[in-house]
Amino acid sequence: HKPRKLPPGPSPLPILGNLFQLGREKLYHKAVTKLSKVYGPLMSVKLGNQMIVVVSSPNLVREICQKYDHTFYRRLDLDASRALDHHKFSIAWIPTGKKWNDIRRLFKEQIFSSERLNASQGIRQEKGIRHETEVYFVKLLEAFEDIITQRLQARGASPTSGSGKSDLLEVFLDLCQHREAGWSYNDVKHFLLDLFLGATDTTSSTVEWAMVELLRSPDKKEKARAEIREVIGQGRSVKESDISRLPYLQAVVKETLRLHPPAPIVPRKADTDIEVDSYILPKDSLIVFNLWGMGRDSNLWLNPDSFVPERFLNSESDDKGQHFKLTPFGTGRRICVGYALAQRMLHLMLASLLHNFDWKLEDGIKPEDVDMSERPGLTVQKAVPLMAIPIRTSIWKSLK
Ligand code: HEM
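A few points on the structure. Values in this document were obtained by computation on a predicted structure and should not be read as measured data.

### Structural notes on the pairing of strand E1 (residues 42-47)
Alright, step 1. In terms of strand pairing, E1 meets strand E2 (residues 50-55) through 6 bridges, oriented antiparallel. Bridge assignment links Val-45 to a residue of E2, and that residue is Ile-52.
Alright, step 2. Between the end of E1 and the start of E2, which pair antiparallel, lie 2 residues, with Gly-48 showing a positive phi angle near 60 degrees.

Okay, here's the thing in structure tokens:
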């Protein structure tokens, strides 16, 4: 017989649901984590008419993903993403199905394959990442349209000859030339927006949080720098191919993502009723994986609020979505499509910052005084941007 019980949760008020229990906290991951401590790792909350089920246990995430991944693939409806119909073209918003599959395959094979990433690593080493705080979909889409037009003009009379550049826009435009591939310039515009939105704030905020944590723990910063010095030496800059030989740096990145996942809660919509742990999660509920809450759960981690990269040394845990304790990139078939690129960018940026400079806090600021508050937004950013002073090292001088 079928269970019909909803997961426990605060009793909803008519119309308003649980709006008040969520309190004034704009950082929803903190509000739901606080409530989950009272109602448990599977909790139902109502916001207006929308049933939300918050999942804060790795075992329950695993159970839901393994049994039901195919049935909860929709995202919530966000007005912002409707600009110029972005939700109809975006890989992040369309439901799984043929079009979503086609785009994922295109990204995997043409953009994020090891060969392509290897071929484009020079560009990343030179440019780094621009930090965008406000994202305006319409303006961005217009900007991408201009970029596409300019590039097409640069390609000149013979569009198949290419512009001589070897970046991802060139790959997309080449594909548009092959009719059988079925992609249009309009698709390309939305692909570029997806990649831009997916890549910028997530990676830049992770690097910022990693630097903050290291500056608050100078011994760990020194450990990371010593490893880089030993492996890279002097007289050359860090390359992506060095990352596999920097285990402490990798542990720093994982520990940063545990404490500061840029997407602290990952929402999906259920397409059928889901039965789990003797409860029913009704069709059309918003199922929210509480990555932030799990990252700081004392039942799962020793001293969860402390920054201890060492916990990941010689540990089986990885962040690829298979160990459900740590899934900053999501999990299942909708896992972050930019995972491989993100890994390269995060490690390269952090290693370069640590290799080229030593860093100290502004004069008069002690490690324990650094403001750690968060600012709500598309991703969780540091409320007060980090101010740190770079100190030239001999490697910097020899690279000049
Ligand atoms: C620190 C870096 C990053 C983190 C923590 C991160 C995290 C995530 C998460 C949690 C999701 C949702 C997964 C799910 O629903 O299970 C996601 C989806 C996505 N990410 Fe990332 N991401 C990062 C970097 C990137 C980069 C560099 C790109 C592209 C260049 C990217 C592109 C995307 C796209 C397009 C999706 C939507 C995939 C889909 O719905 O099928 N992300 N990411």
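Still more ground to cover, so stick around.
### What about the coordination of the iron atom of the ligand?
Alright, step 1. You will see that the iron atom of the ligand has only one donor from the protein, Cys-336 (SG), lying 2.3 Å away.
Alright, step 2. Mapped onto the fold, Cys-336 is located in the loop between helix H12 (291-295) and helix H13 (339-356).

### Focus on the pairing of strand E7 (residues 357-361)
Alright, step 1. Most of E7 is tucked away, with 4 of its 5 residues classed as buried.
Alright, step 2. Of the strand pairs in this sheet, E7 and strand E10 (residues 388-392) are connected by 5 bridges, and their pairing is antiparallel. Its bridge partner lying in E10, Trp-359 is registered against Pro-390.

### Focus on the nonpolar core
Alright, step 1. Formed by 61 residues in total, the largest nonpolar core has its most connected members in Phe-107, Phe-112, Phe-172, Ile-228, Leu-350 and Leu-354.
Alright, step 2. Of all the secondary-structure elements, those providing two or more residues to this core are helix H4 (98-111), helix H7 (137-155), helix H8 (168-177), helix H9 (185-216), helix H10 (218-232), helix H11 (247-259), H13 and E7.
Alright, step 3. Among residues more than four places away in sequence, those in contact with Phe-112 are Phe-107, Leu-117, Leu-195, Val-337, Gly-338, Ala-340 and Leu-341.

### Some points on the sheet that holds strand E6 (residues 286-290)
Alright, step 1. Read across the sheet, 4 strands follow the order E1-E2-E6-E3 without closing on themselves; strand pairing throughout is mixed. Since the sheet does not close on itself, it has two edges, and those belong to E1 and strand E3 (265-269), each with one partner. Across this sheet, the average inter-strand angle for adjacent strands is 25 degrees, counted without regard to direction.

### Some points on the packing of aromatic side chains
Alright, step 1. According to the stated counting rule, one finds 9 aromatic pairs in the structure shown.
Alright, step 2. Ring centres of Phe-172 and Phe-191 lie 5.2 Å apart, and the angle between their planes is 45 degrees; on these two criteria the pair is classed as tilted. With a gap of 19 residues between them, Phe-172 in helix H8 and Phe-191 in helix H9 connect regions that are remote in the sequence.
Alright, step 3. Judged by relative accessible area, Phe-172 falls into the buried class, the value being 1%.
Alright, step 4. With 5.2 Å between their ring centres and 75 degrees between their planes, Trp-183 and Phe-191 make a pair best called edge-to-face. A single burial state applies to Trp-183 and to Phe-191, both of which are buried.
Alright, step 5. In textbook terms, an aromatic cluster arises when at least three aromatic residues are bridged by ring pairs, as seen for Phe-107, Phe-112, Phe-172, Trp-183 and Phe-191.
Alright, step 6. Here Arg-258 stacks its cationic end above the ring of Trp-301, 5.3 Å away from the centre of that ring.
Alright, step 7. Sitting above the plane of the Trp-301 ring, Lys-325 keeps its charged end 4.3 Å from the centroid.

What counts and how
Residues numbered from 1 in each chain as written. Predicted model: local features only at pLDDT ≥ 70, side-chain atom pairs only at ≥ 80, totals over all residues. Heavy atoms only, no water. Pairing = 2+ DSSP bridges. Helix = DSSP H or I, 4+ residues; strand = E, 2+ residues; numbered from the N terminus. Donors = N, O, S within 2.8 Å, 3.2 Å for Na, K, Ca; no water. Buried < 20%, exposed > 50% of the residue type's maximum accessible area, 1.4 Å probe, protein only. Core = buried A, V, L, I, M, F, W, Y, C linked by side-chain atoms within 4.5 Å. Contact = heavy atoms within 4.5 Å. Axes fitted to C-alpha atoms, helices over the stretch in contact; angles between N-to-C directions. Phe/Tyr/Trp six-rings, centres within 6.5 Å; stacked < 30°, edge-to-face > 60°. Lys NZ or Arg CZ within 6 Å of the ring centre and 35° of its normal.

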